[in-house]
Amino acid sequence: MASIKDIAKICGVSVATVSKALNDKKDIGEETKKHIKEVAKEQGYFPQYYARAIRMNKSFNIGVLFIDESASGLTHDYFANILNSFKVTAESKGYDITFINSNKKHKKSKTYLEHCRYRGLDGVMIACIDFYNPEVRELVESDIPVVTIDFEFPQCLSVISDNAVGMRKLVEYILSMGHKKIAYITGDSTSVVTDIRIKGLKDTMEEHGIEMPESWILPSEYRNLKKAAEYTRELLKREDKPTCIIYSDDYSAVGGIAAIESMGLKIPEDISVAGYDDIFIASQLQPRLTTVRQDTERIGMKAAEQLIKLIEGHKTKLSPPSIVASKLVPGASVRKLEDQ
């Protein structure tokens, strides 16, 4: 690889002039700057990473702490899309992404904070994790800039999908279709998102004067096809059956739909269903799944932008959580009922 001295010699200018041109300084003519950049490109010159990092006292590297308890990893549609948007935005601003080691099987493994310091990370994005883990709290309370997804700490930035409003929109739509007997197969009990959605469901039902039996809220896990199927069968075998089942995510809805079809029932003629997230599979199901679209692209983009502003000192104090709106996506999986 050509050095900055090589570029200076070819262009017949000083090393300082080459440095100014490559760093877009204003005290150098545009023609000279353009010529130097063209020569640098032809010679395969790239600024030395470590020199840049030392000069600016930054690593230009952002960590991502992502642990999916369901072991679906980066195939987890919701978080994978957020991570992709976060990565694209960060890279467009000159930052690289490093996944923080979350393998805790070895006794000598570093804590999350130790790993961040070892890697010299400028900041960290945390998503899909047990936020009550002491190691997570240690990282959040450190001097390393942090942004969290779908969880709020007073010590750091956060970007949150509006799950309360999203669930309200979904329930109000189902109610408008004449349903009063609505069951909900929830996500993980340890997730704050789960609590927010359950509250949104109960509050909306109560506001419409409809009693929500606790037995119609079944605690399951996100993206668990097997449990979704089991709970669906259990609900449909009851004497007093719901007319609509809401699943915590579209992937779980697939498990529920499979169980419904295995019982010889049709959607939405015999039972209506709805999901959450609007992942790709929701648009491919027949009938098209009624669901709620979470703006994963905007969530990832805002998380990256806010974290980089904090890293670069453009944001001197923490701001309230950034709430990203969700959108109802009516499908054909919820049948219009006559007055009950």
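*Asks:* Quick one: what's the story with the sheet that holds strand 1 (residues 61–66), residue by residue and with numbers?
*Replies:* Pairing in this open sheet of six strands is parallel, and the strands run 2-1-3-4-5-11 from one edge to the other. Among the strands making up the open sheet, the edge pair consists of strand 2 (96–99) and strand 11 (322–324). Each neighbouring strand pair of the sheet contributes to a mean axis angle of 20°, computed without reference to strand direction. In terms of strand pairing, strand 4 (residues 146–149) meets strand 5 (residues 157–161) through three bridges, oriented parallel. In the strand pairing of strand 5, threonine 148 is matched with serine 158. On the sheet, helix 13 (residues 296–311) packs against strand 1, strand 3 (123–127), strand 4, strand 5 and strand 11 and is oriented at approximately 170° with respect to strand 5.

*Asks:* Go over the pattern of salt bridges, please, and point to the residues and values.
*Replies:* Taken as a whole and judged by the stated rule, the model has 15 salt bridges. Note that glutamate 91 is salt-bridged to lysine 87, the shortest N-O span being 2.9 Å. Remark: lysine 87 and glutamate 91 occur in helix 5 (residues 77–92); sequence separation between them is four residues, near one turn of the helix. Note that aspartate 277 and arginine 197 form a salt bridge whose closest N and O atoms lie 4.0 Å from each other. Separated by 80 residues along the polypeptide, aspartate 277 in the loop between strand 9 (272–274) and helix 12 (280–284) and arginine 197 in helix 9 (residues 192–207) bring together distant segments of the chain. Its relative accessible area of 3% is what places arginine 197 among the buried residues. One continuous salt-bridge network, built from bridges that share partners, spans Arg168, Glu172 and Glu207.

*Asks:* Lay out the pairing of strand 4 in plain terms, naming residues and giving numbers.
*Replies:* Here strand 4 shows a buried face lined by Val146 and Thr148 and a second buried face lined by Val147 and Ile149. In the sheet, strand 3 pairs with strand 4 via three bridges, with the strands oriented parallel. Across the sheet, methionine 125 pairs through a bridge with valine 147, a residue of strand 4. Of the crossover connections in this fold, the one passing from strand 3 over helix 7 (residues 134–140) to the parallel strand 4 is right-handed.

*Asks:* Give me the pairing of strand 1: which residues, what numbers.
*Replies:* The buried count for strand 1 comes to six of six residues, which makes it a mostly enclosed element. Here strand 1 shows a buried face lined by Asn61, Gly63 and Leu65 and a second buried face lined by Ile62, Val64 and Phe66. Pairing analysis gives four bridges linking strand 1 to strand 2, with the strands arranged parallel. Considered in strand 2, the bridge of asparagine 61 is made with aspartate 96. Pairing geometry for strand 1 and strand 3, over five bridges, is parallel. Looking across to strand 3, one finds that glycine 63 is bridged to valine 124.

Cut-offs used in this document
Residues numbered from 1 in each chain as written. Predicted model: local features only at pLDDT ≥ 70, side-chain atom pairs only at ≥ 80, totals over all residues. Heavy atoms only, no water. Pairing = 2+ DSSP bridges. Helix = DSSP H or I, 4+ residues; strand = E, 2+ residues; numbered from the N terminus. Axes fitted to C-alpha atoms, helices over the stretch in contact; angles between N-to-C directions. Contact = heavy atoms within 4.5 Å. Salt bridge = Lys/Arg side-chain N within 4 Å of Asp/Glu carboxyl O. Buried < 20%, exposed > 50% of the residue type's maximum accessible area, 1.4 Å probe, protein only. Right-handed = clockwise from strand over helix to strand, strands pointing away.

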